[in-house]
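Listed below are the residues making up each chain.
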Amino acid sequence: MKRKFDLSTLKSFAKKEHQRLQKYYNLSDRKQLNLPITVKIMEELGELCNEVLANSGLQRKEKLEKMQKDNLAEEFADVILTACILAENMGVDIEKGVKKKMEKIEKRYK
Ligand SMILES: [Mg+2]
């Protein structure tokens, strides 16, 4: 049976992962996690860029040979998940933010 997936599922996952990180790093002040998670987003973004370049055939041949071919979707997921964990850490309602942004973009092109 397929598991239902929506933005709430993503939010719950981010909340659980955020709690795990807080416990792992033994941090009581949430603000201490803002910078490391932000840096992690940049790391994941770099990995996504690497996959985009590879997917477009724009990496060196030696590098392409070492890379797995099915990583693109997972690298997109890493960026999205890490951003959701940062939102959770900062108390930002990502679902509300995404809905509002989508409405703004749709209005822009009406
Ligand atoms: Mg990654």
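Here, the structure is the one placed above.
## Notes on the packing of helix H2 (residues 31–55) against helix H4 (residues 72–89)
Any two packed helices are characterised by the angle at which their axes cross and by the distance between the axes. Contact geometry for H2 and H4: axes closest at 9 Å, N-to-C directions at 165 degrees. In terms of axis orientation, H2 runs roughly antiparallel to H4. The handedness of the crossing between H2 and H4 comes out as left-handed. Residues of the contact of H2 with H4, tallied by class, amount to 12 nonpolar, five polar and six charged.

## Quick look at the layout of surface pockets
What the largest pocket holds in volume is close to 270 Å³. Lining the largest pocket are 14 residues, with Leu21, Ile37, Lys40, Thr82 and Ile85 positioned closest to its centre. At the level of elements, helix H1 (7–24), H2 and H4 are the ones that each hand at least two residues to the lining of the largest pocket. Ranked by the residues each element gives to the lining of the largest pocket, the list is headed by H2, at five residues. Taken together, the residues of the lining of the largest pocket sort by class into eight nonpolar, one polar and five charged.

Definitions and limits used
Residues numbered from 1 in each chain as written. Predicted model: local features only at pLDDT ≥ 70, side-chain atom pairs only at ≥ 80, totals over all residues. Heavy atoms only, no water. Axes fitted to C-alpha atoms, helices over the stretch in contact; angles between N-to-C directions. Helix = DSSP H or I, 4+ residues; strand = E, 2+ residues; numbered from the N terminus. Parallel < 35°, antiparallel > 145°, perpendicular 65-115°, else oblique. Left-handed = near helix turned anticlockwise from the far one by under 90°. Nonpolar A, V, L, I, M, F, W, Y, C, P; charged D, E, K, R; others polar. 1 Å grid on protein atoms, 1.4 Å probe; cavity = no way out; pocket = protein on both sides within 12 Å on 5 of 7 lines; lining within 4 Å. Points joined across faces, edges and corners; volume = space filled by probe spheres on them.

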